[in-house]
Amino acid sequence: MSQLFSPTLASAAVARASATRSGAALVVEGGAMRGIFACGVLDSFHEHGFQPFSLAIGCSVGACLLASHLAEQRGRNRLVFTKYMTRKEFIDPRRFLRGGHWLDFDWLWQATERDVPIDRAKLAASAVKLVLSATSYATGQPVYLEPTDSDLMLSLKSSCALPILCRDPVHVADQRLMDGGIAAPIPVQEAYRRGARRIVVIRSRPPEFVKRASAFAGLSALAFRTSPSFARALRRAHDAYAEAVAFIRSPPADCEILHVAPTAVLATGRTTQDVRALDRDYALGRDAGTRAIAAWGCCP
């Protein structure tokens, strides 16, 4: 059964179930700067000591949020959004027109690793397994990474490498990878395949949102035509998104899903640099997180 949760609607059926660590998963969608909503949700989870999960799977910025969250670094994610990701060193469309990256993840990774690094020791000690989704440049199929200390930042970068906004695939081991949002934008089906039967899904879009085919996706596919399988995945990325949303709405009979999503379109867009908009949507996420804990039936 699927139960929809938003800041104004909670699932009574999910609330009645016991909150156990076994078979519970946390799934976080990407969305670049829109991830500030999920940042607020996770900070609320942390403050309330809400951690009933054995598995956490994230896509793109959702994967980055989970890494800091599982390392118990409350405040780090919000700081990265408001103090680093809003800077022109990271987001600069003019740099893209000059032949560089619109989103410079190399700069972001170097700056945050220097100033506010992820606590790898705490992340490694977490009882929750971290999994990241990415897309194979060779096959266009989803790839699920379980990063180690040595390849954590590279794995996160591969999950975030948006086509066009980032020009090149990321090499992780022997694979060339790009944005998980192409082949596995909301990796809820993978959580189910790995045994999760109670799943919290945190979205960056309203619950009814489903992507449609777009001209931008077609143009992106042309830009990557040297890899036909990857170009094909770009053209059908909206299908992968729709399949994930359909699973959330109507999961298998043995699966319960708590759907945490903004009730309306966020003030924040994919490349928003307005801190006021980010603060507004962070607050919405915090409120949604508190309500989600109550809906799960595990109030501290």
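Before reading on, note that the structure itself is shown above.
Residues numbered from 1 in each chain as written. Predicted model: local features only at pLDDT ≥ 70, side-chain atom pairs only at ≥ 80, totals over all residues. Heavy atoms only, no water.

(A) View of empty space enclosed by the protein. Under the definition given, this model contains 2 cavities of 30 Å³ or more. Elements represented by at least two residues in the lining of the largest cavity include exactly helix H3 (61-70), helix H4 (76-84), helix H6 (105-115) and helix H8 (152-160). Tallied by class, the residues present in the lining of the largest cavity amount to 17 nonpolar, 3 polar and 1 charged. Of the volumes computed, that of the second largest cavity is approximately 50 Å³. Every residue lining the second largest cavity is listed: Leu 42, Asp 43, His 46, Ser 68, His 69, Glu 72, Gln 73, Arg 74, Gly 75, Arg 76 and Asn 77. (1 Å grid on protein atoms, 1.4 Å probe; cavity = no way out; pocket = protein on both sides within 12 Å on 5 of 7 lines; lining within 4 Å. Points joined across faces, edges and corners; volume = space filled by probe spheres on them. Helix = DSSP H or I, 4+ residues; strand = E, 2+ residues; numbered from the N terminus. Nonpolar A, V, L, I, M, F, W, Y, C, P; charged D, E, K, R; others polar.)

(B) Just the pairing of strand S2 (residues 24-28), in detail. Within S2, 5 of the 5 residues are buried, leaving the element largely enclosed by the surrounding structure. Of the two faces of S2, the one lined by Ala 24, Leu 26 and Val 28 and the one lined by Ala 25 and Val 27 are each fully buried. Here S2 runs beside strand S8 (residues 198-202); their pairing, made up of 5 bridges, is parallel. Following the sheet pairing, Val 27 is matched in S8 by Val 201. Pairing of S2 with strand S3 (residues 55-59), which is carried by 4 bridges, proceeds in the parallel orientation. Considered in S3, the bridge of Val 28 is made with Gly 58. Tracing the backbone out of S2, into helix H2 (residues 36-47) and back to the parallel element S3 gives a crossover that is right-handed. (Buried < 20%, exposed > 50% of the residue type's maximum accessible area, 1.4 Å probe, protein only. Pairing = 2+ DSSP bridges. Right-handed = clockwise from strand over helix to strand, strands pointing away.)

(C) Seen up close, the packing of H2 against helix H14 (residues 275-296). Their axes nearest at 6 Å, the elements H2 and H14 cross at an angle of 45°. The angle between H2 and H14 falls in the class oblique. Seen from above, H2 lies across H14 with right-handed handedness. In contact with Ile 36, Phe 37, Cys 39, Gly 40, Val 41, Asp 43, Ser 44, Phe 45 and Glu 47 of H2, H14 contributes Leu 278, Asp 281, Tyr 282, Leu 284, Gly 285, Arg 286, Ala 288, Gly 289, Thr 290, Ala 292 and Ile 293. A per-class count over the contact of H2 with H14 returns 11 nonpolar, 5 polar and 4 charged. (Axes fitted to C-alpha atoms, helices over the stretch in contact; angles between N-to-C directions. Parallel < 35°, antiparallel > 145°, perpendicular 65-115°, else oblique. Left-handed = near helix turned anticlockwise from the far one by under 90°. Contact = heavy atoms within 4.5 Å.)

(D) Fine view of the nonpolar core. Core analysis: the largest hydrophobic core is formed by 76 residues, its most contacted members being Leu 26, Phe 45, Leu 108, Leu 156, Val 200 and Ile 202. Those residues within four positions of Val 200 in sequence are excluded, and the remaining contacts are Ala 25, Leu 26, Val 27, Phe 45, Phe 53, Leu 258, Val 260 and Trp 296. Of all hydrophobic cores here, the second largest spans 20 residues; its members include Ala 191, Ala 196, Ile 199 and Tyr 241. (Core = buried A, V, L, I, M, F, W, Y, C linked by side-chain atoms within 4.5 Å.)

(E) Molecular detail of the environment of Gly 40. Secondary-structure assignment places Gly 40 in helix H2. Here the alpha-carbon distance between Gly 40 and Tyr 282, two residues 242 residues apart in the chain, equals 4.7 Å.

(F) Looking closely at the side chain of Asp 281. If you trace the backbone, Asp 281 turns up in helix H14. In this structure the side chain of Asp 281 is engaged in a polar contact, spanning 2.6 Å, whose partner is the side chain of Thr 268. Apart from the residues lying within four places of it in its own chain, the contact partners of Asp 281 are Ile 36, Phe 37, Leu 266, Ala 267 and Thr 268. (Polar contact = N/O pair within 3.5 Å; in protein donor to acceptor, adjacent residues only side chain to side chain.)

(G) Here's a closer look at the layout of surface pockets. The volume enclosed by the second largest pocket comes to roughly 300 Å³. Every residue lining the second largest pocket is counted, 21 residues in all, and those nearest its centre are Pro 142, Ala 183, Arg 236, Ala 240 and Glu 243. Taken together, the elements giving at least two residues each to the lining of the second largest pocket come down to strand S5 (142-145), helix H9 (180-183), helix H10 (188-193), helix H12 (228-235) and helix H13 (237-249). Of the residues contributing to the lining of the second largest pocket, the split by class is 11 nonpolar, 5 polar and 5 charged.

(H) Spotlight on the pattern of salt bridges. This structure, assessed with the given rule, holds 21 salt bridges. Measuring nitrogen to oxygen at the nearest pair gives 2.9 Å for the salt bridge that ties Arg 114 to Asp 115. When its relative accessible area of 60% is taken as the criterion, Arg 114 is described as exposed. Across the pair Asp 239 and Arg 236 runs a salt bridge, and its minimum N-O distance is 4.0 Å. Given a relative accessible area of 30%, Asp 239 falls into the partly exposed group. Its relative accessible area of 36% is what places Arg 236 among the partly exposed residues. (Salt bridge = Lys/Arg side-chain N within 4 Å of Asp/Glu carboxyl O.)

(I) Summary view of the packing of aromatic side chains. As enumerated under the stated definition, the model contains 9 aromatic pairs in all. Taken together, Phe 45, Phe 50, Phe 53 and Trp 296 form an aromatic cluster joined through their ring pairs. Positioned above the aromatic ring of Trp 296 is the side chain of Arg 198, whose terminal nitrogen or guanidinium carbon lies 3.7 Å from the ring centre. One residue, Arg 205, lies across the ring of Phe 209, its end atom 4.2 Å from the ring centre. (Phe/Tyr/Trp six-rings, centres within 6.5 Å; stacked < 30°, edge-to-face > 60°. Lys NZ or Arg CZ within 6 Å of the ring centre and 35° of its normal.)

Scope: geometric values only; no functional claims are made or implied.
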